[in-house]
Structure formats: C-alpha cells, structure tokens
Amino acid sequence: MNELIARGSAMIADARKILVFTGAGLSTESGIPDFRSPGGIWQKYDPSEFYFDRFLSSEASREKYWRMSYEYYETMKSAQPNRAHLAITALEEKGKLLALVTQNIDNLHQRAGTSPEKIIEIHGTAFSVSCLKCGEKFDRDKIQLILARRVKVPYCTRCGGILKPDTISFGQAMPQDKMKRALDLAGECDLCVVMGSSLVVYPAASIPAYAADEGAPIIIINREPTPLDNRATLVIHDSVTRVFDVVAGL
C-alpha cells in the first residue's frame, strides 16, 4: 500500500491540470447511504417506480417519489464533508484542480469549499427544486417544510405545474451542456483521479474513459474493482478518506 500511495503522490505532484471524478463511495463515507448498497434506498423502494415518465404521468408515483426524497434529503442535509472532500479543495488551493465532475447530488463538495465554478454536478443537485412547466426554482428547504406539513405532492405556487428536485432520474435526459463541458475538460486534463465511483453508470462513466482515450493517466481509488481498472495507471482498492489526502500530499 505504501508503494501505491507513493506512486499516486508522485503523479499528483507532477500534474498541473487534474480532473477529479467522484461517485457515491465518497458520500457513503460521510454517512449518506448508497442507493444500490445493502440497506440503501433501493432496498426500501422499487426503483422502477421512479422512472421519469412514471413521475410525469402518475400522481401515485410522484407521491412515492416525494416520500423517498423527503427521507433522503434529511440524511444529506445533516451530512458533513469528509477528509477526501477537503483534500479536493486543497488541490484547488494549490492551483492543480482543473475541474471536479461529480455524480453526487449532496452539495458536500461546495460545503467543503471547492469553488462552484469548478464543480460539474453531472446528475444534478437535491438542494433545489424546479417546476417542470414554467421553470420556477425553489429552495429545497422550503419544499421540505411543505412536505413536513403532510402535503404528499407539492406543486408550483406560480403555475400549478409539477415540481421535481434538480436531479437526473432514470429515463431523464442528461444535461447536454454539462456533459459537453465535462468531456471537453476530460480531453484537456493531464491527470484524471476517480474517487468512490463504480464506473458502471453511463453516460457519466464515459468521462474518465474519455480522459484515458485522450492519453491522460488515470488514478482510481475505490473499494471495489471498476470496469476501467485495466486502463488505469494506478488503482488503489481502499477507502477514499483513508488514502486520498495522503496520496494528494496533504
């Protein structure tokens, strides 16, 4: 392990434009359960209930969605950034962070101090809500208060349209502007560091793969193997909070 950490440290020391790509494994170490892991959300709720077309067409589906979302948001809101979040912020302070692409929706990177303009939330954020009809935005805490008053499905106070957190659901189109920006930066980086992602969810997982295609060295830190391990320059199967700040030389 010491040899792997030393290699990772040397790679980060040499890099000038690092693209960091983070997934649920980073959030779980702040106490936020992974949707897919044992005890996660999908063991309590049926994910097929939450496809975007069902959310749009079924009041019952929206009711189940908001019940799940209410519970999950409370967990996220109370979570705190961990050492790995703070280490990414420190990379920015050193002038090495080109961008941070995250699959996470929990706002922990912002709370850790990483500049919002550096962050690309490829799957959106749970901390704001939008009307799918008129586009009006609402602070999530305000919607949470409405749900706490036993309102099962909130609607837009401006036009009566369907409200939804600004996250990407199954079957919902990915934000093309964010995908393009992330892929452009993946082609520009001189090192891509993947942290806490299984790299099985597409098209997000295509971003570090594209960095590899363009010749960037890849570091993967994840507890379990990923489909990109065989293309990575360095793979460390361990906790991101246990090793990344050491690898980053902090």
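Everything below is about the structure shown above.
What counts, and at which threshold
- Residues numbered from 1 in each chain as written.
- Predicted model: local features only at pLDDT ≥ 70, side-chain atom pairs only at ≥ 80, totals over all residues.
- Heavy atoms only, no water.
- Buried < 20%, exposed > 50% of the residue type's maximum accessible area, 1.4 Å probe, protein only.
- Helix = DSSP H or I, 4+ residues; strand = E, 2+ residues; numbered from the N terminus.
- Pairing = 2+ DSSP bridges.
- 1 Å grid on protein atoms, 1.4 Å probe; cavity = no way out; pocket = protein on both sides within 12 Å on 5 of 7 lines; lining within 4 Å.
- Points joined across faces, edges and corners; volume = space filled by probe spheres on them.
- Nonpolar A, V, L, I, M, F, W, Y, C, P; charged D, E, K, R; others polar.
- Phe/Tyr/Trp six-rings, centres within 6.5 Å; stacked < 30°, edge-to-face > 60°.
- Lys NZ or Arg CZ within 6 Å of the ring centre and 35° of its normal.
- Lys, Arg positive; Asp, Glu negative; His and termini not counted.
- Salt bridge = Lys/Arg side-chain N within 4 Å of Asp/Glu carboxyl O.
- Polar contact = N/O pair within 3.5 Å; in protein donor to acceptor, adjacent residues only side chain to side chain.
- Axes fitted to C-alpha atoms, helices over the stretch in contact; angles between N-to-C directions.
- Parallel < 35°, antiparallel > 145°, perpendicular 65-115°, else oblique.
- Left-handed = near helix turned anticlockwise from the far one by under 90°.
- Contact = heavy atoms within 4.5 Å.

Asks: For this particular structure, what's the right way to read the pairing of strand β2 (residues 97-102)?
Replies: Within a regular beta strand, the side chains point alternately toward one face of the sheet and then the other, so they alternate between its two faces. Within β2, 6 of the 6 residues are buried, which leaves the element mostly enclosed by the surrounding structure. With 5 bridges joining them, strand β1 (residues 18-22) and β2 adopt parallel strand pairing. Counterpart to F21 in the pairing with β2 is V101.

Asks: Explanation requested: the layout of surface pockets in the structure shown.
Replies: By rolling a water-sized probe across the atoms, one finds the places where empty space is left. Here the second largest pocket is characterised by a volume of approximately 240 Å³. Looking at the lining of the second largest pocket, the elements that each hand over two or more residues are β4 (124-131), β6 (163-167) and α9 (176-188). In terms of residue class, the lining of the second largest pocket is built from 5 nonpolar, 7 polar and 5 charged.

Asks: When you look at the packing of aromatic side chains in this model, what are you seeing that I'm missing?
Replies: Any pair of aromatic rings gets described here by the distance separating the centres and the angle formed by the planes. Evaluation of the coordinates by the stated rule reveals 5 aromatic pairs. Measuring from ring centre to ring centre gives 5.9 Å for F50 and Y65, while their planes differ by 75 degrees; the resulting arrangement is edge-to-face. Taken together, the positions of F50 in the loop between α3 (41-44) and α4 (52-57) and Y65 in helix α5 (residues 59-78) put the pair 15 residues apart, joining distant regions of the chain. Accessibility expressed as a relative area gives 7% for Y65, which makes it buried. Linked through ring pairs, F50, F55, Y65 and W66 together constitute an aromatic cluster. One cation-aromatic arrangement involves R140 over Y73; the distance from NZ or CZ to the ring centre is 4.5 Å.

Asks: I keep staring at the side chain of D106 and nothing clicks. Help me out?
Replies: Along the chain, D106 turns up in the loop between β2 and α7 (108-111). One buried charge, D106, has no salt-bridge partner; the nearest side chain with opposite charge is R111, at 7.5 Å. Within the structure, the side chain of D106 is placed 2.4 Å from the side chain of S27, a separation counted as a polar contact.

Asks: What's the story with the packing of helix α6 (residues 83-93) against helix α11 (residues 240-247) in this structure? I'm lost.
Replies: For any two helices packed against each other, the geometry is given by the interaxial angle and the distance between the axes. Viewed as axis vectors pointing N to C, α6 and α11 meet at an angle of 20 degrees, and their least axial separation amounts to 8 Å. Taken together, the axes of α6 and α11 lie roughly parallel to each other. The two elements α6 and α11 meet at a crossing, and its hand is left-handed. Packed against α6, whose contacting residues are R83, A84, A87, I88 and L91, the element α11 presents V240, T241, R242, F244 and D245 at the interface. In terms of residue class, the contact of α6 with α11 is built from 6 nonpolar, 1 polar and 3 charged.

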